[in-house]
Every structure is written in C-alpha cells, then in structure tokens.
Amino acid sequence: MNTTVNLWNCSNLLHPTAQKIGESFAFFLIFVVSLVGNTSIALIVYKTQSMRTPINYFIANMAISDLMFPLLLVPREITWLYAAGSWLNSGPLGKTMCKVIPFLTNASMLVSIQSLVLIAVDRLGGVLFPLRSPLISSKLCPFVIFITWIVAIAVKSPFLFSVKVVEYPRGQQACRWRWVEVFGDSSSEDNYFLVVYITLIYTPLVLLIIVYSILLIKLWSEKIPGDQSISTNAHSRRAKRNRDVSKMAVATVLTFVLCWVPYSIVDSLLYFASGYDNNCSMVLILHIALFMAFSNCAINPIICFIFCSKYRQGFKRIFHCFD
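Residues numbered from 1 in each chain as written. Predicted model: local features only at pLDDT ≥ 70, side-chain atom pairs only at ≥ 80, totals over all residues. Heavy atoms only, no water.

With that settled, the discussion passes to the overall build of the chain. Per the secondary structure count, the chain includes 12 helices and 2 strands. Listed by position from the N terminus, the elements making up the chain come as α-α-α-α-α-α-α-β-β-α-α-α-α-α. Counting all 323 residues of the chain, 46% fall into the buried class. Surface accessibility of the chain: about 16000 Å² in total, with carbon and sulfur atoms responsible for 68%. (Helix = DSSP H or I, 4+ residues; strand = E, 2+ residues; numbered from the N terminus. Buried < 20%, exposed > 50% of the residue type's maximum accessible area, 1.4 Å probe, protein only. Areas by Shrake-Rupley, 256 points an atom, 1.4 Å probe, with all protein chains shown as cover.)

Here is the structure:
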C-alpha cells in the first residue's frame with residue numbers, strides 16, 4: 001500500500017456526510033467481524049488437539065496476519081475519513097505509528113500470500129499422496145511459519161525508513177512515502193515495487209491457480225466404488241474430507257484474488273502511470289478497491305466457519321453461544 005494520492009482535492013467527492021457515516025459503519029463491521037473471527041480461528045487451532053494439523057496451522061498463521069488490519073489499519077482509515085487524510089499526531093508516537101502501521105499491514109499481506117501457498121502445498125500432498133505423511137509435518141510448521149514472517153519483514157523493511165510524517169505549506173501533516181529522500185534513487189524504487197509485485201504477489205497467485213486447477217481435476221475425477229466394504233467406506237470418507245478441505249482452500253484463494261487484485265492493479269496504475277494521482281475518479285476507484293482489500297480479513301474466517309464443521313464446533317465451545 002504505497003500509493004500517495006491527493007485526497008484533499010477530492011475530499012468533497014469522496015466523503016460527503018452520508019458517505020462518511022456509511023463508510024464508518026462498514027469499517028466498524030469489518031473491525032468487529034475480523035477481530036472476532038480471526039481471533040476465534042487462532043484460539044480454536046491452539047485449544048483443539050485434533051485441529052493441530054499443518055493446514056490448520058497455516059490457516060491460523062493467516063488469521064493472525066489478518067488481525068493487523070482491524071487492529072491497525074481500520075482505526076487509521078476512520079481517522080483519515082474525518083481528517084481529510086491529515087496525520088493528527090506528529091509527536092514521537094505519531095511518527096512511529098506512521099512507519100509501523102504501513103509496515104506491518106503490508107508485511108501481513110505477504111504473510112497471507114505465503115500462507116496460501118503453504119496451504120496449497122499441503123493440499124497437493126494430501127490429494128495426490130493421501131496415504132503418505134504431510135509434505136510439511138506439524139513439527140516443521142512453526143519453523144516454516146517463522147520464515148514467512150521473516151521474509152515479509154525483510155521485504156517490507158524499506159517502509160520503516162521511507163514512510164514519514166510530512167508537513168505541507170497549508171499546515172496540514174500527512175503520513176507519506178518518501179523513498180527518494182531516503183535512498184536517493186527513483187529507479188531503485190520502481191525496481192523494488194516491480195520485484196515485489198511480480199515475485200511475491202502475481203507469481204504466487206499464478207502458481208495457486210495452477211495447483212488448485214490440478215487438485216480440482218483430480219478430486220472431481222475420482223470415482224467412489226459401489227462396494228460398501230470397510231476400506232471403501234474409509235476411502236469415501238477420505239475423499240469427502242479432501243473435497244471439503246479443498247473447497248475451503250479454493251474459496252479462500254478466490255476471495256483473496258477478488259479482494260486484492262483490483263487494488264494491486266489500481267495501485268500500480270497510480271504509481272507507474274502519470275496523470276492518475278490527481279484524478280478524482282481514479283482516487284474514488286482506489287478507495288473502493290482499498291475497501292475490498294480490507295474486507296478480505298473479515299471474509300476469511302467466515303469461509304472457514306462455512307466450509308469446516310470443526311471450526312463451527314470450536315467457535316461454539318469458545319463462546320458457549322449455542323450450547
């Protein structure tokens with residue numbers, strides 16, 4: 001989330017009073033659903049012995065990364081909504097949060113993408129080699145999850161140096177991206193974002209599409225034998241379980257694509273193409289795409305509860321809502 005656009009010139013277009021109220025309610029809904037849902041997913045995996053499997057560890061890792069959005073980004077967006085993009089706190093805490101919020105939220109997106117790839121690897125092994133041990137064992141999961149955060153932190157570390165509080169002539173302060181002031185080379189900035197988008201966003205998404213296409217073809221081409229023997233029943237249960245888990249994984253990937261790809265395209269246009277940054281129509285489109293991206297953190301836990309009965313049962317045990 002590196003784009004800097006002139007929100008002040010478009011404030012009347014973007015935030016009339018009714019729209020402010022509507023967006024505030026939508027952000028509040030995302031905040032509550034994401035906070036409750038993702039916290040529940042992490043607790044369910046932590047507290048339920050049978051849920052401590054590689055795929056659920058990776059889902060929990062994605063849930064933890066998704067918590068960065070309601071905890072950090074939604075409060076910032078609501079503040080910007082009513083302050084016309086101004087950064088209200090220019091003290092030490094404000095300057096620190098100006099760096100930390102975009103750094104952690106951008107890193108969390110990379111963690112989510114890596115988690116999706118790991119889930120795909122787990123599904124690939126589970127479907128193609130159902131009788132073998134998982135390609136990534138449960139004991140290895142903590143190390144692999146740690147690596148996803150290290151990679152994300154390393155890749156997004158320039159945000160800690162290049163994002164700062166900037167004061168404009170009108171006295172307004174804003175949290176802005178200033179790569180050239182820090183590193184002194186605009187071409188390196190272009191290369192940085194190209195490499196990040198291509199290698200860590202679009203390439204994994206293409207791989208996910210290929211892997212899940214193979215898995216879906218494999219799953220739906222399987223024939224369940226008619227003989228109701230014990231081995232056949234076990235095969236049927238395993239096939240059904242694989243289908244259910246794969247459906248949940250596919251739904252998660254599709255949701256991620258629908259939520260994040262529009263934003264990444266608009267963000268790239270605003271960054272690499274000239275003349276768009278002061279175009280209020282494009283700013284409005286970015287605003288809508290950004291809201292779609294935010295909603296992903298609230299949709300993911302809902303997908304888990306819809307497709308997996310164990311998550312629904314775990315939710316009931318945690319909150320005692322349906323006893």
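This brings us to the side chain of Asn61. As for its placement among the helices and strands, Asn61 is situated in helix H3 (residues 54-66). With a relative accessible area of 3%, Asn61 lands in the buried category.

Let us look at the UniProt feature "transmembrane region" (unreviewed entry) in the chain. Within this numbering scheme, the UniProt entry marks residues 25-46, 67-88, 100-119, 140-161, 192-215, 245-263 and 283-308 as carrying the feature "transmembrane region" (unreviewed entry). Between the end C-alpha atoms of residues 100-119 the distance is 28 Å, and the span holds 100% helix and 0% strand. For residues 192-215, the end-to-end C-alpha separation is 33 Å, with 100% helix and 0% strand making up the annotated structure. (UniProt positions renumbered as here; feature names shortened; annotations may be inferred.)

Next up on the list: the nonpolar core. Phe58, Ile59, Ile119, Tyr212, Trp260 and Tyr311 are the most contacted members of the largest nonpolar core, which totals 81 residues. Broken down by element, the residue count for this core peaks at 13 residues, all from helix H5 (residues 92-128). Those residues in contact with Tyr212 that lie beyond four places of it in its chain are Leu116, Ile119, Ala120, Arg123, Ala249, Val250 and Val253. (Core = buried A, V, L, I, M, F, W, Y, C linked by side-chain atoms within 4.5 Å. Contact = heavy atoms within 4.5 Å.)

Turning our eyes to something else, we now look at H3. The end-to-end C-alpha distance of H3, which contains 13 residues, comes to 18 Å, matching closely the 18 Å that a straight helix rising 1.5 Å per residue would cover. Among the 13 residues in H3, 11 count as buried, and that is most of the element. Regarding H3, the residues found buried are Pro54, Ile55, Asn56, Phe58, Ile59, Ala60, Asn61, Met62, Ala63, Ser65 and Asp66. (Expected span 1.5 Å × (residues − 1).)

So, on to the pattern of salt bridges. A side chain with one charge may pair with a side chain of the opposite charge, provided their charged atoms come close. With the rule as written, the count across this model stands at 4 salt bridges. Its salt-bridge partner being Glu181, residue Lys164 comes within 3.5 Å of it at the nearest N-O pair. Of this pair, Lys164 sits in strand E1 (residues 163-167) while Glu181 sits in helix H8 (residues 179-183), and the two are 17 residues apart along the sequence. Judged by its relative accessible area of 55%, Glu181 is exposed. (Salt bridge = Lys/Arg side-chain N within 4 Å of Asp/Glu carboxyl O.)

The subject of this paragraph is the state of the cysteines. Under the counting rule described, the total for this entry stands at 1 disulfide. Two residues, Cys98 and Cys175, share a disulfide whose sulfurs are 2.0 Å apart. Between Cys98 and Cys175, the S-S dihedral sits near 95°, and the bridge is therefore right-handed. On the criterion of sequence distance, the pair formed by Cys98 in helix H5 and Cys175 in strand E2 (residues 173-177) is long-range, its members being 77 residues apart. One exposure class covers both Cys98 and Cys175, and it is buried. Cys297 provides the cysteine sulfur closest to Cys259, a residue in no disulfide bond, and the two sulfurs are 9.1 Å apart. (Disulfide = S-S within 2.5 Å.)

Moving on, we get to the packing of aromatic side chains. As enumerated under the stated definition, the model contains 14 aromatic pairs in all. Plain terms: the ring middles of Phe256 and Trp260 are 6.3 Å apart, the flat faces sit at 35° to each other, and that makes the pair tilted. Here Trp260 and Phe256 lie together in helix H10 (residues 230-272), a separation of 4 residues that amounts to about one turn. Overall, Phe256 belongs to the buried group, its relative accessible area being 2%. Through pairs of rings, three or more aromatic residues link up here, namely Phe27, Phe69, Phe256, Trp260, Tyr263, Phe291 and Phe294. (Phe/Tyr/Trp six-rings, centres within 6.5 Å; stacked < 30°, edge-to-face > 60°.)

A few words on the confidence of the model for the chain. The predicted coordinates of low-pLDDT regions are not to be read in fine detail. Residues at a pLDDT of 70 or more form 83% of the chain, whose mean pLDDT is 82. For the chain, per-element mean pLDDT is lowest for helix H1 (residues 11-14), which scores 54, and highest for helix H6 (residues 141-156), which scores 95. Segment residues 224-228: pLDDT under 50, and 8 contacts once partners within four positions in sequence are set aside and those in other chains are kept. (pLDDT = per-residue confidence, 0-100.)

Here the focus is the environment of Arg123. Residue position: Arg123 is located in helix H5. Arg123 sits 68 residues away from Ile55 along the chain, and the two C-alpha atoms are 7.9 Å apart.

This part is about the packing of helix H2 (residues 17-47) against H3. Where H2 contacts H3, the axes come no closer than 9 Å and their chain directions differ by 150°. Judged on the interaxial angle alone, H3 and H2 are roughly antiparallel. Both H2 and H3 take part in a crossing whose hand is left-handed. Of H3, the residues touching H2 (which contributes Ser34, Asn38, Ile41, Ala42 and Val45) are Asn56, Tyr57, Ile59, Ala60, Ala63, Ile64 and Asp66. (Axes fitted to C-alpha atoms, helices over the stretch in contact; angles between N-to-C directions. Parallel < 35°, antiparallel > 145°, perpendicular 65-115°, else oblique. Left-handed = near helix turned anticlockwise from the far one by under 90°.)

Taking 1.5 Å of rise per residue, 31 residues should cover 45 Å, and H2 covers 44 Å from first to last C-alpha, within 8% of that figure. Looking only at H2, the buried set comprises Glu23, Ser24, Ala26, Phe27, Ile30, Ser34, Gly37, Asn38, Ser40, Ile41, Ile44 and Val45.

When two helices pack together, their arrangement is given by the angle between the helix axes and by the axis-to-axis distance. Where helix H4 (residues 68-83) meets H5, the axes come as close as 10 Å, and the angle between the chain directions of the two elements is 135°. Classified by the angle between their axes, H4 and H5 sit oblique to one another. In this structure, H4 meets H5 at a crossing whose hand is left-handed. Taken together, the residues of H5 that come into contact with H4 (itself represented by Met68, Phe69, Leu72, Leu73 and Arg76) are Met97, Ile101, Leu104, Thr105 and Ser108.

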